[in-house]
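# Analysis of the macromolecular model
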Amino acid sequence: MTLPRYDVAAGTALVTGAAGGIGSCLARELAGRGSYFALADRDSGALAATAARIRSDHPDLRVSEHVVDLADLEQVERLAQEVRAAHGPTTLLVNNAGVAMGGRFEELDPVDIDWVLAVNFRAPVHLTHLLLPDLLATPGSHVVNVSSLFGLIAPAGQTAYAASKFALRGFSESLRAELAGRVGVTTVHPGGIRTGIARNARVGARVDPAGASADGEAFDKLLTFPADKAARMILAAIERRRPRLLIGASATIPDVLARVSPAHHDRLLTAVLGRRRAQRGGSAAQAGTADEVAPELTSEGAGDAPGPDQRFVDAAGTRVRVRVNGDPASGLPPALLVHGIGRSLEDWTDQHRLLGTGRQVVSLDLPGFGLTAPLPGAAGLAAFADTAVAVLDALGIDEPVELVGNSLGGAVCLHVLVAHPERVRTLTLVDSAGFGAEVTLALRLLAVPGLGARLLSRPTPASVRRAERSLYVDAALVTADRLDHALRVAGNPGRVETYLAIAREVGSFRGVRPQWRRAVLDAIAKHPRPTLVVWGDRDLVLPIKHLQEAIRELPHARSHVFERAGHLPQVERPEEFAALVEDFWAHAAPIESVPPGRELARDASRV
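Anyway, here's the lowdown on the structure attached to this text. Computed from a predicted model, the values in this text were never measured in an experiment. (Residues numbered from 1 in each chain as written. Predicted model: local features only at pLDDT ≥ 70, side-chain atom pairs only at ≥ 80, totals over all residues. Heavy atoms only, no water.)

## Thoughts on the sheet that holds strand 14 (residues 335-338)
An order of 12-13-15-14-16-17-20-21 is seen for the 8 strands of this open sheet, with the pairing classed as mixed. If you trace the sheet from one side to the other, it starts and ends with strand 12 (310-315) and strand 21 (558-562), each paired once. Going from strand to strand, the sheet's axes swing by 25° on average, the running direction of each strand aside. Summarising the sheet, strand 14 and strand 16 (residues 401-406) pair through 4 bridges and their orientation is parallel. (Pairing = 2+ DSSP bridges. Helix = DSSP H or I, 4+ residues; strand = E, 2+ residues; numbered from the N terminus. Axes fitted to C-alpha atoms, helices over the stretch in contact; angles between N-to-C directions.)

## Details of the packing of aromatic side chains
Applying the stated criterion across every chain yields a total of 5 aromatic pairs. With 6.5 Å between their ring centres and 50° between their planes, Trp348 and Phe577 make a pair best called tilted. Of this pair, Trp348 sits in the loop between strand 14 and helix 11 (349-355) while Phe577 is found in helix 22 (residues 574-587), placing the two residues 229 residues apart along the sequence. Look at Trp348 and you get buried, because its relative accessible area is 0%. Judged by its relative accessible area of 2%, Phe577 falls in the buried class. (Phe/Tyr/Trp six-rings, centres within 6.5 Å; stacked < 30°, edge-to-face > 60°. Buried < 20%, exposed > 50% of the residue type's maximum accessible area, 1.4 Å probe, protein only.)

## Re the environment of Val362
Relative to the elements of secondary structure, Val362 occurs in strand 15 (residues 361-364). Val362 gets classed as buried once you look at its relative accessible area, which sits at 1%. Residues Val362 and Leu337 lie 25 residues apart in sequence; the distance between their C-alpha atoms is 6.2 Å. Setting aside chain neighbours within four positions, we find Val362 in contact with Arg323, Val324, Ala335, Leu336, Leu337, His352, Val391, Leu395 and Ile397. (Contact = heavy atoms within 4.5 Å.)

## Here we look at empty space enclosed by the protein
Overall, the coordinates contain 3 cavities of 30 Å³ or more when judged by the stated rule. In this model, the largest cavity occupies a volume close to 210 Å³. Ile341, Val439, Leu443, Val506 and Val512 are the residues nearest the centre of the largest cavity, which is lined by 17 residues in total. In terms of residues, the lining of the largest cavity owes the most to one element, helix 18 (residues 495-506), which gives 3 residues. Each residue belonging to the lining of the largest cavity can be placed in one class, and the counts come to 12 nonpolar, 4 polar and 1 charged. (1 Å grid on protein atoms, 1.4 Å probe; cavity = no way out; pocket = protein on both sides within 12 Å on 5 of 7 lines; lining within 4 Å. Points joined across faces, edges and corners; volume = space filled by probe spheres on them. Nonpolar A, V, L, I, M, F, W, Y, C, P; charged D, E, K, R; others polar.)

## Description of the packing of helix 1 (residues 21-32) against helix 2 (residues 44-57)
Where helix 1 meets helix 2, the axes come as close as 10 Å, and the angle between the chain directions of the two elements is 20°. It follows from the interaxial angle that helix 1 and helix 2 lie roughly parallel. The two elements helix 1 and helix 2 meet at a crossing, and its hand is right-handed. Only Thr50, Arg53 and Ile54 of helix 2 make contact with helix 1, whose side of the interface consists of Ser24, Ala27, Arg28 and Ala31. (Parallel < 35°, antiparallel > 145°, perpendicular 65-115°, else oblique. Left-handed = near helix turned anticlockwise from the far one by under 90°.)

## Re unusual backbone geometry
For Ala316, which is not glycine, the phi torsion reads 55° and is therefore positive. Secondary-structure assignment places Ala316 in the loop between strand 12 and strand 13 (318-325). According to the relative accessible area criterion, Ala316 is partly exposed, its value standing at 37%. Its identity is not glycine, yet Asp431 carries a phi of approximately 45°, on the positive side. With respect to the helices and strands, Asp431 occurs in the loop between strand 17 (424-430) and helix 14 (441-446).

## Brief notes about the side chain of Arg517
Note that Arg517 resides in helix 19 (residues 514-524). One polar contact links the side chain of Arg517 to the main-chain carbonyl oxygen of Arg513, over a distance of 3.2 Å. Beyond its immediate chain neighbours, meaning those up to four positions away, Arg517 contacts Gly434, Phe435, Gly436, Ala437 and Val512. (Polar contact = N/O pair within 3.5 Å; in protein donor to acceptor, adjacent residues only side chain to side chain.)

## A short note on the side chain of Ser164
Within the secondary structure, Ser164 is located in helix 5 (residues 159-178). Exposure remark for Ser164: the relative accessible area of 0% places this residue in the buried category. A distance of 3.1 Å separates the side chain of Ser164 from the side chain of Asn120, its partner in a polar contact. Non-local contacts of Ser164, meaning those with residues more than four positions away in its chain, are made with Val116, Leu117, Asn120 and Phe121.

## Here's the deal with the sheet that holds strand 1 (residues 12-16)
Within the open sheet, the 7 strands sit side by side as 3-2-1-4-6-7-9. Their pairing is parallel. Edge positions in the open sheet fall to strand 3 (63-67) and strand 9 (244-247), since each of these has one partner strand only. Direction aside, the axes of adjacent strands within the sheet are offset by 15° on average. Strand contacts of helix 1: strand 1, strand 2 (36-41), strand 4 (92-95) and strand 7 (184-190), with the helix running at about 170° to strand 2, the strand carrying the most contacts. Packed onto the sheet, helix 2 meets strand 2 and strand 3 and runs at close to 180° relative to strand 3.

## Some details on the environment of Phe509
Its place among the elements puts Phe509 in the loop between strand 18 (507-508) and strand 19 (511-512). Exposure remark for Phe509: the relative accessible area of 17% places this residue in the buried category. The spatial distance from the C-alpha of Phe509 to the C-alpha of Leu441 is 8.1 Å, given a sequence separation of 68 residues. Aside from chain neighbours lying at most four places away, what touches Phe509 is Thr252, Ile253, Val256, Leu441, Arg444, Leu445, Ala447 and Val448.

Next up, the structure:
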């Protein structure tokens, strides 16, 4: 049975740890909604101040305050009795109080560990047990257990604290299952909330005081999320009966890392913290690491001779590797093929073979990717679009082209159409960015400062294999040659910096940013071109649901779904892909204006 929305005004709450931080802010939020409540804390002065402020702001509310040391079971039992006597049945129990203990396991005495477990775990369990009859007697009651970021991950130096918060998490999840349909249970995992927990933390008996003080100050600086905002999020979760709430990126990101890389997430987090302390001063080091992977690459481009039909051209202030084949005198418009983020022109090898039997076909390595040197200035979608046009200029191609882009290359092609519409005859978008927020977790993590550089800076055969495998349905396409090439281009000295710049422009940890998508889609409506949008039905990078949005945004476009294909259908279905685009190009007719109602429909979609 699904519980109805929790009615704050009709309830009575008990909030522990209410003298400051999240507890105090949550008490004020509850008061603003009309809830009666009891406030509990061991700090009598701060507790009295919180209660006085609430009584001043809300004189009609019934508010009681209870000074209690939750490490003492007798005081916990007395608290339950006092609250029942003052208010009657409790309908909302918020186990928020918590204490921290610094020091590695070998530096702690058993009494230190017992104290942390008593306050952070035993007290919430005992208090919940004492008040459970009241909670069950009032249908729709609710329990909130405030765990921690360290109830998701367990870093070194937090053995006691992490043990207590993991225990509280496990208790909460089991209790939720047992009370389903009768009492709601929410587990909260705050990240770096701006409270006094780091300053007030105890340290183990054998911990060096000077080192502990420095560590505490450093940790305190990471606590930046406003406590009042966290309190509002918790109250919203209570009302909506959310089973789990992670507060802040400092909780959501480690949670993802712990699930994706349970054995190595601690190293990644350590790298992130270390990079932040260095204030992002490691771009030279990143390039050095890339040189170690593939020392034959330099900032001037590839040291090796280019492959078949390949050469380097000077464009947009850098050396760009291109591949050109086909007949420039065929009378057919040339085609320009643009690859995705972190990829190279090898993604178009089959299409050069199939499409280049007549017309001229050009592909390029975008700056900083493949074997092309990075741009002298900042990398970005607009700069990539200008580079693509500069390549055409360098090759002497000035007529409108059949423009084809895969993934990020699709977004680049959209920007080419916006900035240089006279250079585009048709537009083919292949599993293109620009039509939805959802994107693979791997790319979302790259937008996280510090973490993205760590993930990219040391490619290994195993990591490259995982990345390649995610692109295809057919595992046989992950060949030794493809893996060797992927490792080689991963050594481009500009790759990490370019990758991160593009990842952060295009997206965030939450997904593909809507701002640039909206701007470019609005802009291309002024320059309609015959458009083909295709997708692999099993794309794990940009899901096929984006195709529906593309059709809505581009109602004049043709569309096609490749069955049993992933993110690179031009590789998995080369013949089918080539036949489709050749047919599209052959029958494409100019579009004179935006279809009637187009602008009206777009405006209406924003409302």
